[in-house]
Amino acid sequence: MSLVIPVQVLPHGEGLPLPSYATEGAAGLDLIAAVPDAEPLVLAPLARAAVPTGLCLALPAGHEAQVRPRSGLALKHGVTVLNAPGTIDADYRGEVKVLLVNLGEAPFRIERGMRIGQMVVAPVLRATLEKSRDLEKTTRGDGGFGSTGLDGGQISR
Ligand SMILES: O=c1ccn([C@H]2C[C@H](O)[C@@H](COP(=O)(O)OP(=O)(O)OP(=O)(O)O)O2)c(=O)[nH]1
Ligand SMILES: [Mg+2]
């Protein structure tokens, strides 16, 4: 069973449904394009746009929302979220926008009501940065960026 938390939202863009979970177990609320009916947005290849969703919310303190791509759009059209995961701060009161980029070969048409991304609400831990002369030693040390093997594993022969 999922944990459930209420999130306040302003009255939503005319005629558009509120974002919703597509299935009982879905992690993300599907975000809906709130572009004007008469003005669909056409994303040319390699173009990007902040697509309005009509959604203004107040996340409870200690939470964030992540704006993530929909895999179907990514696979079928090469359309994804440029800054994935986009971060919606708990103190943000503006309209949630989905920063889409078209990495496909064909122009992509975004119409009002289209599901363009998904939003996952999550708890946030805040860090207090404490100055220290030394850091706890580890096997990895400062190795990174493929230091454990480029393919991520060794084949034993
Ligand atoms: O995909 C996104 C990412 C951000 N935002 C909104 C909510 C977020 O709280 C605010 C700021 O986002 P972020 O911190 O990522 O942007 P920034 O470039 O650091 O701007 P700022 O200086 O306003 O924090 O913009 C969106 O609507 N969609
Ligand atoms: Mg910021």
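Conventions and cut-offs
- Residues numbered from 1 in each chain as written.
- Chains lettered and ligands numbered in written order.
- Predicted model: local features only at pLDDT ≥ 70, side-chain atom pairs only at ≥ 80, totals over all residues.
- Heavy atoms only, no water.
- UniProt positions renumbered as here; feature names shortened; annotations may be inferred.
- Helix = DSSP H or I, 4+ residues; strand = E, 2+ residues; numbered from the N terminus.
- Buried < 20%, exposed > 50% of the residue type's maximum accessible area, 1.4 Å probe, protein only.
- Contact = heavy atoms within 4.5 Å.
- Polar contact = N/O pair within 3.5 Å; in protein donor to acceptor, adjacent residues only side chain to side chain.

1. Focus: the UniProt feature "binding site: substrate" (unreviewed entry) in the protein chain
When the UniProt feature table is mapped onto this chain, "binding site: substrate" (unreviewed entry) is found at Arg70, Ser71, Gly72, Asn83, Thr87, Ile88 and Asp89. A maximum C-alpha distance of 26.3 Å is found for the annotated residues, which run over 20 residues; spatially they are spread out rather than grouped. Inspection of the secondary structure puts asparagine 83 in the loop between β7 (79–81) and β8 (86–88). Taking the relative accessible area as the measure of exposure, asparagine 83 reaches 38% and is therefore partly exposed. Along the polypeptide, isoleucine 88 turns up in strand β8. The contact partners of isoleucine 88, leaving out residues within four places of it in the chain, are Leu57, Leu59, Glu64, Ala65, Val67 and Val96.

2. Some details on the UniProt feature "domain: dUTPase-like" (unreviewed entry) in the protein chain
Following the UniProt record, one finds the feature "domain: dUTPase-like" (unreviewed entry) at residues 17–149. End-to-end, the C-alpha atoms of residues 17–149 are 48 Å apart, and along that stretch the chain is 5% helix and 39% strand.

3. A closer look at the environment of histidine 12
Structurally, histidine 12 can be placed in the loop between β1 (8–9) and β2 (20–21). With a relative accessible area of 19%, histidine 12 lands in the buried category. In this structure, the C-alpha to C-alpha distance between histidine 12 and glutamate 39, residues 27 residues apart in sequence, is 19 Å. If we skip the residues at most four places from it in the chain, histidine 12 touches Pro17, Leu18, Pro19, Thr53, Gly54 and Leu55. Only 3.4 Å separates the side chain of histidine 12 from the backbone oxygen of proline 17, close enough to count as a polar contact.

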